[in-house]
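So the chains spell out like this:
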Amino acid sequence: MHYALLVALVENRLLAAPLAAAAGAWLGGQVAFVLNARFTFEGAALTFASWWRFQVTASIGAALSFVLVAAGIRLGVHYLLAQAVATLVAMLVTYEINRRWSFAAPTPVRR
């Protein structure tokens, strides 16, 4: 979803590559929430709290994607290659945030 929207927006001259990368990352994030809850984090609850935390994390990933694609383009790298690097970096960063926060099991309250 991410790359499909990125390419569609850039090739149809609807958005510049950095903005299209961020939009693609956001759309991909919506699909990724359900897939991550179901598969990556072994049936984590699909709650509003986990969705909200995932959205914050996806926004961090989208911002990171925007910055890295913009930097790559400034260095003369093709936008798709810059996006591939950005995807790898953002995936590693957001996986760790999601593991520790978005889909983390609630900590029991001690009394």
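Predicted, not measured: the structure shown is a model, and the values here were computed from it.

1. Quick notes on the nonpolar core
At step 1: Counting 9 residues, the largest nonpolar core consists of L6, L9, V10, A17, A20, A21, V69, Y79 and A86.
At step 2: Sorting the residues of this core by element identifies α1 (2-11), α2 (17-40) and α4 (79-102) as the ones contributing at least two each.
At step 3: Beyond its immediate sequence surroundings of up to four residues, A86 is in contact with S65, L68 and V69.
At step 4: F33, F41, F54 and A58 belong to the second largest nonpolar core, which has 7 residues in total.

2. A short note on the packing of α2 against helix α3 (residues 48-74)
At step 1: Packing of α2 against α3 leaves a shortest axis separation of 8 Å and a crossing angle of 150°. In terms of their interaxial angle, α2 and α3 are classed as roughly antiparallel. The two elements α2 and α3 meet at a crossing, and its hand is right-handed. Where α2 abuts α3, its residues A17, P18, L19, A21, A22, A25, W26, G29, Q30, A32, F33 and N36 lie against S50, W51, F54, Q55, A62, S65, F66, V69, A70 and I73.
At step 2: Here the contact of α2 with α3 is built from residues that sort into 16 nonpolar, 6 polar and no charged.

Parameters at a glance
- Residues numbered from 1 in each chain as written.
- Predicted model: local features only at pLDDT ≥ 70, side-chain atom pairs only at ≥ 80, totals over all residues.
- Heavy atoms only, no water.
- Core = buried A, V, L, I, M, F, W, Y, C linked by side-chain atoms within 4.5 Å.
- Buried < 20%, exposed > 50% of the residue type's maximum accessible area, 1.4 Å probe, protein only.
- Helix = DSSP H or I, 4+ residues; strand = E, 2+ residues; numbered from the N terminus.
- Contact = heavy atoms within 4.5 Å.
- Axes fitted to C-alpha atoms, helices over the stretch in contact; angles between N-to-C directions.
- Parallel < 35°, antiparallel > 145°, perpendicular 65-115°, else oblique.
- Left-handed = near helix turned anticlockwise from the far one by under 90°.
- Nonpolar A, V, L, I, M, F, W, Y, C, P; charged D, E, K, R; others polar.

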